[in-house]
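Here are the chains, one letter per residue:
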Amino acid sequence: MAIVESGQADFEVVLVHSFSRFFRKLVEAVLFIDRLRTYGVEIVSISQPVPPGPVGDMMRYFLMIFDEYQSAETAKHVERSLRENARQGFWSGGIAPYGFTTMAAGTRGDAKKKKLVVNPDEAETVRLIFDLYLTGDGTSGPLGTMKVAKWLNNHGFRNRNGRRWSTGKIHDILTNRAMIGTYIYGRSRKDAKRIEVQVPAIIPDEIFAAVQKTLRERNPKKTPPRVTTGPILLTGIVTCGHCGAGMTITTGKGGRYKYYTCASLTRTGAGSCDNKRVPMAELDDFVTDQIIRKLLSPERTTRVLEGLLKRQSAREVEKTGNLRRLREKLNSAQARLDRYYDLIDAGTLDPAEPTLKDRIEAAATERDLAKVALDRMASELSPATRVTEENVAALADLLKKNITTGTIEFRRSYLRAVIKEIQVSQQRVRIVAKPSEFERMALTLNQDDLRVPSFVPGWRSEWSA
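Residues numbered from 1 in each chain as written. Predicted model: local features only at pLDDT ≥ 70, side-chain atom pairs only at ≥ 80, totals over all residues. Heavy atoms only, no water.

Overview of the sheet that holds strand β8 (residues 247-252)
Part 1: Taken in spatial order, the three strands of this open sheet run β8-β9-β10, and their pairing is antiparallel. Strand pairing shows two members of the sheet lacking a second neighbour, β8 and β10 (278-279), which therefore form its edges.
Part 2: Two strands pair when backbone bridges link them, and β8 and strand β9 (residues 257-262) are joined in this way by six bridges, in the antiparallel orientation. Pairing of T250 across the sheet is with Y259, part of β9. (Pairing = 2+ DSSP bridges. Helix = DSSP H or I, 4+ residues; strand = E, 2+ residues; numbered from the N terminus.)

What follows is the structure, encoded as structure tokens:
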């Protein structure tokens, strides 16, 4: 479709085996066919040929309706078969839960049936995960899901596909009732009635129940984290300078100390990234100080806006001549219209003449376009949008104030408006600015409208709020 809409298509037909291979739903197919025809391309089916024209369209739509019905019926029967398969205790396909594998369990007609059985090697890892979560490794107390993943990764354990363990995978194992002998078919489907399938148990019921109780007590929706829900100054813009992942907040000493830590390191533990965690307060102060002293210095701000200043100066010279030409074009088009109307009033021109209407419409269109362009150009040359050295200095002062005073949310909004990214590594901190946003603020400074996008509902970069 991208080739067709680009106008570069060297074909006139899209060939499919059947219309059901094109789209499953009639409404989607009709809309797509209409888009193709806009560029002179037709859809043709090998197995369902139809004649060209309205009759062919009608036949095609009937075929697509039947295909959509057949697809829905097939899906219904397949789902019913899978659910019946689960009711009989068989595995209905897909990836077996960690700790289990599938084994042939006979046939029903031509269909080979399988059941879930325990994978001895993976089952030992499952038991270890439950032990680490409840009691620890003997040198520590109970471990959370993140620390369980770190422990496994640090001790050379890998999951089924050889990847490092993550908190999500640990949580899935800890909450999967298949571990106590009840696999739930339809567990991930909100619209399907769940079916319990009995399988061999790996974990005793009492251990599984104790883990669920601990998970509920640690649930952040019930017990909010001490610090991560609070306002964080650099959230959303600070990234790891080693692996490129975002940095998240971690704590130490019961929440008294806060750090920016690589999210990859947090999820999968040591070995995934060589970066170190950075004290939050120190990084906040350092970044703010560097932005104030270096980025928002008059000299640096002028360099950031240098391109705008040059373009505006060159544009002023160019547009002064363009203004004159646009005014001449506007006056010329208006004069032609006036002449046509005068001749019609004098009876010299017949209003019913076929070409007269087209000439009047062409002159009116030329006049309107010239007026729009003239108004836009005059607005761009307005003193209100003129950027001067005084504007640059005032912008720098105002940003310094807004970045260093007020609530964390207020300061963060201005930081994120002018800073694209803050890359933190062990040796350096790299701050990447947004020159385009500096230019936008400089242009609106004289209009008393210096607001960042997050403060403006429905903001668009090319609109005024």
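Description of the sheet that holds strand β7 (residues 238-240)
Part 1: Across the sheet, which stays open at both edges, the three strands sit in the order β7-β11-β12 with mixed pairing between neighbours. For this open sheet the edge positions go to β7 and β12 (429-433), each flanked by a neighbour on one side alone. Looking at each pair of strands side by side, their axes are set apart by 25° on average, direction ignored.
Part 2: Of the strand pairs in this sheet, β7 and strand β11 (residues 419-424) are connected by three bridges, and their pairing is parallel. By the bridge assignment, C240 is partnered in β11 with V424.
Part 3: Strand contacts of helix α9 (residues 280-295): β7, β11 and β12, with the helix running at about 55° to β12, the strand carrying the most contacts.
Part 4: Of the strands in this sheet, β11 and β12 are in contact with helix α14 (residues 408-418), which crosses β11 at around 95°. (Axes fitted to C-alpha atoms, helices over the stretch in contact; angles between N-to-C directions. Contact = heavy atoms within 4.5 Å.)

With respect to the nonpolar core
Part 1: Among the nonpolar cores identified, the biggest contains 37 residues, and L234, Y260, L283, I291, L399, I419 and F438 are the most heavily contacted of them.
Part 2: At six residues, the largest contribution of residues to this core is made by α9.
Part 3: Counting residues in each nonpolar core, the second largest holds 34 residues, with I170, I173, A178 and L215 among its members. (Core = buried A, V, L, I, M, F, W, Y, C linked by side-chain atoms within 4.5 Å. Buried < 20%, exposed > 50% of the residue type's maximum accessible area, 1.4 Å probe, protein only.)

Side note on the pattern of salt bridges
Part 1: Inspection of every chain in the model, using the stated rule, returns 10 salt bridges.
Part 2: R37 is the salt-bridge partner of E42, the closest N and O atoms lying 3.0 Å from each other.
Part 3: Take E42: its relative accessible area is 30%, and that puts it in the partly exposed class.
Part 4: When its relative accessible area of 34% is taken as the criterion, R37 is described as partly exposed.
Part 5: Taking the shortest distance from any N to any O, the salt bridge between E366 and R336 comes out at 2.8 Å. Taken together, the positions of E366 in helix α12 (residues 354-380) and R336 in helix α11 (residues 306-346) put the pair 30 residues apart, joining distant regions of the chain.
Part 6: Here E366 falls in the partly exposed class, since its relative accessible area comes to 24%.
Part 7: Residues participating in the shared-partner salt-bridge network are R37, E42, D57 and R60. (Salt bridge = Lys/Arg side-chain N within 4 Å of Asp/Glu carboxyl O.)

So, a nonpolar patch on the surface
Part 1: Nonpolar side chains collect at one region of the surface, where V55, M58, M59, F62, I65 and F66 lie side by side and expose about 600 Å² of accessible area between them.
Part 2: As for its placement among the helices and strands, I65 is situated in helix α3 (residues 54-87).
Part 3: The exposure class of I65 is partly exposed, given its relative accessible area of 42%. (Patch = residues over 30% accessible without salt bridge, like charges linked within 9 Å, V, L, I, M, F, W, Y side chains within 5 Å. Areas by Shrake-Rupley, 256 points an atom, 1.4 Å probe, with all protein chains shown as cover.)

Quick word on the state of the cysteines
Part 1: Inspection of the entire model under this criterion finds zero disulfides.
Part 2: Unpaired in terms of disulfides, C262 finds its nearest cysteine sulfur in C243, a separation of 3.4 Å.
Part 3: C262 sits in the buried class, given a relative accessible area of 2%.
Part 4: Left unpaired, C273 is separated from the closest cysteine sulfur, that of C240, by 3.5 Å. (Disulfide = S-S within 2.5 Å.)

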